[in-house]
Amino acid sequence: MSLINPNDTIERQNEKLQQIAQSLMRRVEQKSEQSGFAYQQFERAALLETEVRERTDDLEHALDLLQESNTRLEIANKETETAQSNLTEAIETINEGFALFDVDDGLVLSNSRFCRDLSDVSEQLITGLSFEDYVALISGSRFLALPEDQTPKDWITHRLNHHGDEHVVFNVRLKWDRWLQVSEHRTSQGGTVILQTDVTNIIRRARQERAKMRDQQAEMLQATLDHLNQGVCIFDSAQTLVGWNTRMDGLFTSTPQDSAAGISFDTLLQRLSDELTFDTHMDATRLRKWAYSPTKRDPIMFEVLRDESEVFSVFAQEMPDKGFVISFSDVTAERASARTLFEMNELLEQRVEDRTRELGLALAEAERANASKSRFVAAASHDLLQPLSAAKLFISSLPEQPDPTSAKDVMDKAETALSSVEHFIASLLDISKLDAGKAVFEIQPLKLSQIFVPLHNELMPLAKQKGIDLRIVETGLMVESDPGYLRRIVQNLLTNAIRYTDHGRVLVGVRRTGNSARIEVWDTGRGIAHSDQQTIFREFERLSPNTADTGLGLGLSIVEQACKGLDHQLSLWSEPKLGSCFSLNVPIFQNNGQMGHDQLPSTDDHDAKLPDRLLMLVEDNPQLAEATVAMIEGFGTTVIHASSAQEALEILQDIQLVPDALLIDYQLGVGQNGTELYQEITDRYGKVPTAIISAERTKTLRDTCKTLSLELAPKPIEKNRLKDLLGHLFAAEID
């Protein structure tokens, strides 16, 4: 135990040591013991004093060191307090929340902004709080807004899993749409620094920018969609309608409108199902199943039909966000084209088959025609040479006739023979044009009496010669047909009826059948077997080729082809040994007040003379001109003949007279044709009643004559027809 209190001052300690030394000296002097003992005690005391002094010096040095150390410690404490104050002030000046955890994850310090937005947690953040307790407090705060699919426990686990990372940055959503960005960093000693930054304004601005960008993108997307030809509907992952284009508005009556945003796919499908018909491999149920499928959807394509007339191609495809888009393309025109093309292909195939069949028939017909070529040439040669030979013999016998009466009889026979040649050539011409499809039909109103009366007068002598009663029932009907071909049809039917009737009668009559006049030619002749009723319409087919009264074999062929060209239905009834009936239907003319230019009044008395008028005949064929002049002069008319247009104009200029009528051939060789000559004469002398005669039977010539109001007579023209024509011209001149 120390005799001196170390806590005393040095002065006090020295004072105590001096008192102790004096006390020891007095005790030594007062004792009665031996001096040696005393001296020993003295020495001991001196030694003790020396030791005390040394100890005192050491103690003083130690005290000096302690005092210096205390001074330094005091300075260090002051510096520490200053540093801590500075650090506290520094972290308080930070605009972010700051917290420091030591290496043992204990909270060392934090500033007032740390967890300030979590007011129910901030007061519990005390020094020494563990990091796990800190995370648990945050997860339980009522101000923390966790995602719907995340629980506080899940959040704690996720947060602690990233605690060991060197650097961690993430955003935490708070209530009232506030956000904190939390960054966590490791210190060099293994501690943790956490910074909390309020990024609410940044996120809101970013959200606004994204919304603005989405709006711009949406406008661009909408403009792009509206530019498409297809109708487009867009659905999100919840099968809710989120967009469509204007084309969609025009496709269906149940189109989505602005108020339809947000309707479900099922609702829209139900609306459209009322006006759509699905194709065979897709229906509404399967489409709905595809739309609501939880797994990946494969693209689908199908077609729907609306109002049984419009066809739409539908394409549906999944989008990356599990939504889907459906497009409607109007393919009505394409399908109609495809259908038309298919029908055309079928029609072409049918036509090919028909054409092949027709070609087969044509080949057979060509073979038949080739096989009958020799027979045709022989028949034509015989039919031409026979009347020519007869006419030649009649004319050669004229010098031997004893009197004029006999000579006239021979001349009549020669004329009859030559008329047969003319008739044969005309028949060949008609049948060739009908076969070639070049016949020109001029449909016009005409009275049936103008056909029946002349034929009755012409054929009555032939019927009387055979002892047949020829009777034609009078009619006042007007029909629409080609006068020349209709006359040839009835004439051929009547001629055949008389030729193949040995006794009995031939009757011609007309029946009304609706808007048609049914012309019927009945006979009590030999009749035609059913097996021959198609054969008789072929060229040069005659049922009795060896009979003397058979014709050329062309009449019924002309009848059939002319009826076909005129669209007059031809019918035949016949029974062997009972007779036959040929009939044809001709449309009835509805306006009885209208007449055609070519309908000439028939002269019943062909022996009567024409009035003595001046007629100019323009004909370039000398023989035909001479015969025509002789015939016309026989009618009692004066004729001036010109062989060309130029000669006709010169004659008119020389005689200074305008003829009462003109009869002009159309083909006049070099120079003007007949219609051009008529126009030249009209320009010089005014209108003159004129008729054009021509072997040309073209529609162009007919139209030209109609335009110029000219009569048109076909060559060769028979005597009675010529007389009727001239009578009509002179009557027009008188009017």
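Keep in mind it's a predicted model, so treat the numbers as computed, not measured. (Residues numbered from 1 in each chain as written. Predicted model: local features only at pLDDT ≥ 70, side-chain atom pairs only at ≥ 80, totals over all residues. Heavy atoms only, no water.)

Engineer: Explain the overall build of the protein to me, and be specific about the residues and the numbers.
Structural biologist: Secondary structure assignment for the protein yields 20 helices and 23 strands. Each of the 735 residues in the protein was classed as buried or not, and the buried ones make up 35%. Across the protein, the fraction of contacts at a sequence separation of at least 24, relative to all contacts at a separation of at least 6, is 58%. As displayed, the protein offers around 43700 Å² of accessible surface, 52% of which is attributable to carbon and sulfur atoms. (Helix = DSSP H or I, 4+ residues; strand = E, 2+ residues; numbered from the N terminus. Buried < 20%, exposed > 50% of the residue type's maximum accessible area, 1.4 Å probe, protein only. Contact = heavy atoms within 4.5 Å. Areas by Shrake-Rupley, 256 points an atom, 1.4 Å probe, with all protein chains shown as cover.)

Engineer: Please give an account of the confidence of the model for the protein that cites residues and values.
Structural biologist: With 78% of its residues at a pLDDT of at least 70, the protein reaches an overall mean of 77. The low-confidence segment residues 545–550 (pLDDT under 50) makes nine contacts with residues lying over four places distant or belonging to another chain. Taken as a whole, residues 592–605 scores under 50 in pLDDT and shows 37 contacts with residues more than four places along the chain or in a different chain. (pLDDT = per-residue confidence, 0-100.)

Engineer: An account of the pairing of strand 20 (residues 638–642) is requested, with residue identities and associated values reported.
Structural biologist: One ladder, built from five bridges, connects strand 19 (residues 614–618) with strand 20; its direction is parallel. Within strand 20, the position partnered with L615 by the bridge is V639. The parallel pair strand 19 and strand 20, bridged by helix 16 (residues 622–634), forms a crossover whose chirality is right-handed. (Pairing = 2+ DSSP bridges. Right-handed = clockwise from strand over helix to strand, strands pointing away.)

Engineer: How would you sum up unusual backbone geometry? Please name residues and give values.
Structural biologist: In the Ramachandran plot, D105 falls in the positive-phi region, its phi being about 60° despite a non-glycine side chain. Looking at the element boundaries, D105 is found in the loop between strand 1 (97–101) and strand 2 (107–110). The backbone of S709 sits at a positive phi, close to 60°, despite the residue not being glycine. Note on placement: S709 falls in the loop between helix 19 (699–707) and strand 23 (711–714).

Engineer: Quick one: what's the story with helix 8 (residues 265–273), residue by residue and with numbers?
Structural biologist: Considered for burial, the residues of helix 8 that qualify are F265, L268, L269 and L272. Down the axis of helix 8, the buried side of the element spans an arc of 100°, and every buried residue falls inside it. (Arc of directions from axis to C-beta.)

Engineer: Which residues make up the packing of helix 8 against helix 9 (residues 284–291), and what values do they have?
Structural biologist: For the pair helix 8 and helix 9, interaxial distance at closest approach is 11 Å and the crossing angle is 160°. In this view, helix 8 runs roughly antiparallel relative to helix 9, as classed from their interaxial angle. Of the two elements, helix 8 crosses helix 9, and the hand of that crossing is right-handed. Each of F265, D266, L269 and S273 in helix 8 lies in contact with helix 9, whose residues at this interface are A284, L287, R288 and A291. Among the residues making up the contact of helix 8 with helix 9, the classes are represented as five nonpolar, one polar and two charged. (Axes fitted to C-alpha atoms, helices over the stretch in contact; angles between N-to-C directions. Parallel < 35°, antiparallel > 145°, perpendicular 65-115°, else oblique. Left-handed = near helix turned anticlockwise from the far one by under 90°. Nonpolar A, V, L, I, M, F, W, Y, C, P; charged D, E, K, R; others polar.)

Engineer: Hey, could you go over helix 13 (residues 449–466) for me, with residue numbers and the actual values?
Structural biologist: The end-to-end C-alpha distance of helix 13, which contains 18 residues, comes to 25 Å, matching closely the 26 Å that a straight helix rising 1.5 Å per residue would cover. Along helix 13, the helix axis deviates most sharply at L459, where the bend reaches about 40°; the proline P461 sits within four residues downstream. Those residues of helix 13 lying buried are Q450, I451, F452, P454, L455, L459, M460 and A463. Following helix 13 by one or two positions, G467 has its phi on the positive side, about 75°. (Expected span 1.5 Å × (residues − 1). Bend = angle between axes of the 7 residues up to and from the residue.)

Engineer: Run through the sheet that holds strand 16 (residues 516–523), naming residues and quoting values.
Structural biologist: Here five strands make up an open sheet; going across it, the order is 13-15-16-18-17 and the pairing mixed. In the strand order of this sheet, the two ends are held by strand 13 (469–472) and strand 17 (570–575), each with one partner. Sheet twist, expressed as the mean angle between neighbouring strand axes with direction ignored, is 15°.

Engineer: Break down the sheet that holds strand 5 (residues 192–198) for me, with residues and values.
Structural biologist: Taken in spatial order, the five strands line up as 2-1-5-4-3 in an open sheet, and their pairing is antiparallel. At either end of the open sheet lies a strand with only one pairing partner, and these are strand 2 and strand 3 (167–174). On average, each strand axis in the sheet is inclined to that of its neighbour by 20°, with strand direction left out of account. Strand direction decides the pairing type here: strand 4 (residues 178–186) and strand 5, joined by seven bridges, are antiparallel. Bridge pairing in strand 5 places L180 opposite D198. With respect to the sheet, helix 4 (residues 131–139) is in contact with strand 1, strand 4 and strand 5, its orientation differing from that of strand 5 by roughly 20°.

Engineer: If you had to explain the pattern of salt bridges to someone new, which residues and values would you point to?
Structural biologist: Pairing is possible between side chains that carry opposite charge, provided their charged atoms lie close to one another. Enumeration over the complete set of coordinates arrives at 10 salt bridges. Close ionic contact of E318 with K296 constitutes a salt bridge, the shortest N to O distance being 4.0 Å. With E318 in strand 10 (residues 310–318) and K296 in the loop between helix 9 and strand 9 (300–306), this pair connects stretches of sequence that are 22 residues apart. For E318, a relative accessible area of 16% puts it in the buried group. (Salt bridge = Lys/Arg side-chain N within 4 Å of Asp/Glu carboxyl O.)

Engineer: Can you explain the environment of R512? Please cite residues and give values.
Structural biologist: When you line up the elements, R512 lands in strand 15 (residues 505–513). R512 sits 73 residues away from N585 along the chain, and the two C-alpha atoms are 9.3 Å apart. In this structure R512 touches L477 and I588, once residues within four positions along its chain are discounted.

Engineer: Before we move on, could you go through the packing of helix 4 against helix 5 (residues 152–161) and cite the residues and values that matter?
Structural biologist: Where helix 4 meets helix 5, the closest approach of the two axes is 9 Å, and the angle between their N-to-C directions is 145°. In this structure, helix 4 meets helix 5 at a crossing whose hand is right-handed. Between helix 4, through F131, E132, V135, A136, I138 and S139, and helix 5, the contact on the second element is made entirely by P152, W155, I156, R159 and L160. Broken down by class, the residue content of the contact of helix 4 with helix 5 amounts to eight nonpolar, one polar and two charged.

Engineer: So what about the nonpolar core? Which residues, and what values?
Structural biologist: Counting residues in hydrophobic clusters, the biggest one holds 37 residues, and the most contacted among them are L486 and L494. A per-element tally of this core places helix 14 (residues 483–499) first, with eight residues. Every residue in contact with L486, bar those within four places of it in the chain, is listed here: L446, L448, I451, V479, S481, I519, L584 and V586. Within the second largest apolar cluster, 26 residues are counted, among which are W244, M248, M282 and L287. (Core = buried A, V, L, I, M, F, W, Y, C linked by side-chain atoms within 4.5 Å.)

Engineer: Before we move on, could you go through the side chain of N585 and cite the residues and values that matter?
Structural biologist: For N585, the position within the fold is in strand 18 (residues 579–587). N585 gets classed as buried once you look at its relative accessible area, which sits at 16%. For N585, the residues in contact, after removing those within four places along its chain, are S516, A517, R518, H568 and Q569.

Engineer: Tell me what's going on with a negative patch on the surface, and back it up with residues and numbers.
Structural biologist: On the surface, E51, E54, D57 and D58 cluster together to form a negatively charged patch. Given the relative accessible area of 40%, E51 is considered partly exposed. (Patch = residues over 30% accessible without salt bridge, like charges linked within 9 Å, V, L, I, M, F, W, Y side chains within 5 Å. Lys, Arg positive; Asp, Glu negative; His and termini not counted. Charge placed at Lys NZ, Arg CZ, Asp CG, Glu CD.)

Engineer: Residues and numbers for the packing of aromatic side chains, please.
Structural biologist: All told, the structure shown has 11 aromatic pairs when counted by the stated rule. Measuring from ring centre to ring centre gives 5.4 Å for W290 and F324, while their planes differ by 75°; the resulting arrangement is edge-to-face. Linking W290 in helix 9 with F324 in strand 11 (residues 324–330), this pair joins segments that are 34 residues apart in sequence. This pair shows no difference in class: W290 is buried, exactly as F324 is. (Phe/Tyr/Trp six-rings, centres within 6.5 Å; stacked < 30°, edge-to-face > 60°.)

Engineer: Quick one: what's the story with the pairing of strand 11, residue by residue and with numbers?
Structural biologist: A large share of strand 11 lies buried, amounting to five of its seven residues. In this sheet, strand 11 lies alongside strand 6 (residues 231–235) in antiparallel orientation, the contact comprising five bridges. Pairing of C233 across the sheet is with I326, part of strand 11. The pairing of strand 10 with strand 11 spans seven bridges and is classified as antiparallel. Looking at the pairing, F312 lines up with D330 of strand 11. Turn length for the strand 10-strand 11 hairpin, with the two strands adjacent in sequence and antiparallel, is five residues, and the turn residue K322 shows positive phi of about 75°.

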